[in-house]
Structure formats: structure tokens, C-alpha cells
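# Remarks on the overall topology
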Amino acid sequence: RLAFGGDPRRYEEFCETIRREMPPDTAAVLRGSAVTGMRHGDHAPFDADGPGTSDLDLTLVGAEAVALYKLEGFFIPKVHSRPVSEKDPDIAPALLPLRQRLMAMVGRPVNIQGTRDWIMYFREYLMGQPYLTIVGKVETEKTDD
């Protein structure tokens, strides 16, 4: 609702673009203020500084997505990347065309992070950071006890 102005067609086009371009067996999730409605640091509402001022935090979840990032592009090497953004545009060159297309579609910055499924579980259930799965399914590894 927030990121796409309540227009389901814009949302579907965004999801379909990601679906076409992401690696197989990868999920895509939206996080941050587009999901919660407020910024993490100061709790200001989404787009508090004007239309198009809040970014979209897109995370690609899966091993193939993580493999798109250069080694210097990680918070946790080969597990959890920094986002491709204006600050770090060159950490995953293969994602730059997708990022540009998505930003043109939504008229706001789109930052793309890569991570493993268990990090998403950790962020949601232990850190209280909700996300919305928009493409695929985030699955966590099951272990036998």
C-alpha cells in the first residue's frame, strides 16, 4: 500500500520484474518502513520527507542471490550482504540493471540486499523486524533433534 500508492497493478509489475530477473530458488522480501509504516531510527512515517523519499529495502533470500555479491560487499561473508545502494553501488554489479528498473518503476531508491534464509528467521523472530515475502517462499532449514 505505501510503496505502490495502493495500486495493485504497480505492485504486481514490481514483483513480476523481480521474478523474471532473480536467480532460481530465490525468494524476495520487502523490509523496513515500506512494511512497518515508519522509519526504524526515529519512527517517522513512510515518506515523511515527501513523496518518493523513503527507500524500498528489498532482500533476495537464497544461496544464488548471496553469490552475486563481491566478498567486500558483506556484513557476514557469504551469508549476509550490505545492500546495493547509492553508497555501495558496485558490490553486486549483476544487480545494477534490476535496481535501475525497479527504481524507475517506483520513483524512489531501491536497495537490494542478499541473505540466507536463517538470517531472515533471526531478524523476524529474534530482532522483531517483520518482512513481507513478495516472490517465492522463505524457507528455513529444518534439523532433526
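The notes below deal with the structure included here. (Residues numbered from 1 in each chain as written. Predicted model: local features only at pLDDT ≥ 70, side-chain atom pairs only at ≥ 80, totals over all residues. Heavy atoms only, no water.)

## Some words on the pattern of salt bridges
Taken as a whole and judged by the stated rule, the model has eight salt bridges. Its salt-bridge partner being Arg19, residue Glu16 comes within 2.7 Å of it at the nearest N-O pair. Here Glu16 pairs with Arg19, and both are found in helix H1 (residues 8-21), just three residues apart, close to one helical turn. Its relative accessible area of 31% is what places Glu16 among the partly exposed residues. As a salt-bridge pair, Glu86 and Arg99 come within 3.2 Å of each other at their nearest N and O atoms. A residue pair is termed long-range when its members are at least 10 positions apart, and Glu86 in the loop between strand E4 (80-81) and helix H4 (96-106) and Arg99 in helix H4 qualify at 13 residues. (Salt bridge = Lys/Arg side-chain N within 4 Å of Asp/Glu carboxyl O. Helix = DSSP H or I, 4+ residues; strand = E, 2+ residues; numbered from the N terminus. Buried < 20%, exposed > 50% of the residue type's maximum accessible area, 1.4 Å probe, protein only.)

## Remarks on helix H5 (residues 117-126)
Within the sequence span of H5, burial applies to Asp117, Ile119, Met120 and Arg123. What you see down the axis of H5 is that its buried residues fit within an arc of 160°, all on one side. Those residues of H5 that are exposed and aimed more than 90 degrees away from the buried face are Tyr125 and Leu126. Buried residues belonging to H5 abut strand E1 (27-31), strand E2 (56-61), strand E3 (74-76), E4, strand E5 (110-115) and strand E6 (131-135). Downstream of H5 by one or two residues, Gly128 has phi in the positive range, about 70°. (Arc of directions from axis to C-beta. Contact = heavy atoms within 4.5 Å.)

## Details of the environment of Glu86
By relative accessible area, which is 61% here, Glu86 ends up exposed. Considered as a pair, Glu86 and Val110 are 24 residues apart in the sequence and their alpha carbons are 9.4 Å apart. Setting aside residues up to four positions removed in sequence, Glu86 forms contacts with Arg99 and Met103. Engagement of the side chain of Glu86 in a polar contact is seen with the side chain of Arg99, the distance being 3.2 Å. (Polar contact = N/O pair within 3.5 Å; in protein donor to acceptor, adjacent residues only side chain to side chain.)

## Side note on the environment of Phe75
Following the sequence through the fold, Phe75 ends up in strand E3. Each C-alpha atom of the pair Phe75 and Gly62 lies 16 Å from the other, and the pair is 13 residues apart in sequence. Ignoring any residue separated from it by four or fewer positions in sequence, one finds Phe75 in contact with His80, Ser81, Arg82, Pro83 and Gln113.

## As for the pairing of E5
With six of six residues buried, E5 is to be regarded as a mostly interior element. Judged by which residues are buried, E5 turns out to be covered on both faces: Val110, Ile112 and Gly114 on one side and Asn111, Gln113 and Thr115 on the other are all buried. Where E2 and E5 come together, six bridges link them in parallel fashion. What sits directly across from Val61, in E5, is Thr115. (Pairing = 2+ DSSP bridges.)

## Examining the pairing of E1
Extensive coverage of E1 is indicated by the burial of five of its five residues. As defined by bridge partners, E1 adjoins E6 across four bridges and the pair is classed as antiparallel. Residue pairing for E6: Arg31 is matched across the bridge by Tyr131.

## Observations regarding the packing of aromatic side chains
Taken as a whole and assessed by the stated rule, the structure comprises four aromatic pairs. Put simply, the rings of Phe4, Tyr11 and Phe14 pair up and form one aromatic cluster. (Phe/Tyr/Trp six-rings, centres within 6.5 Å; stacked < 30°, edge-to-face > 60°.)

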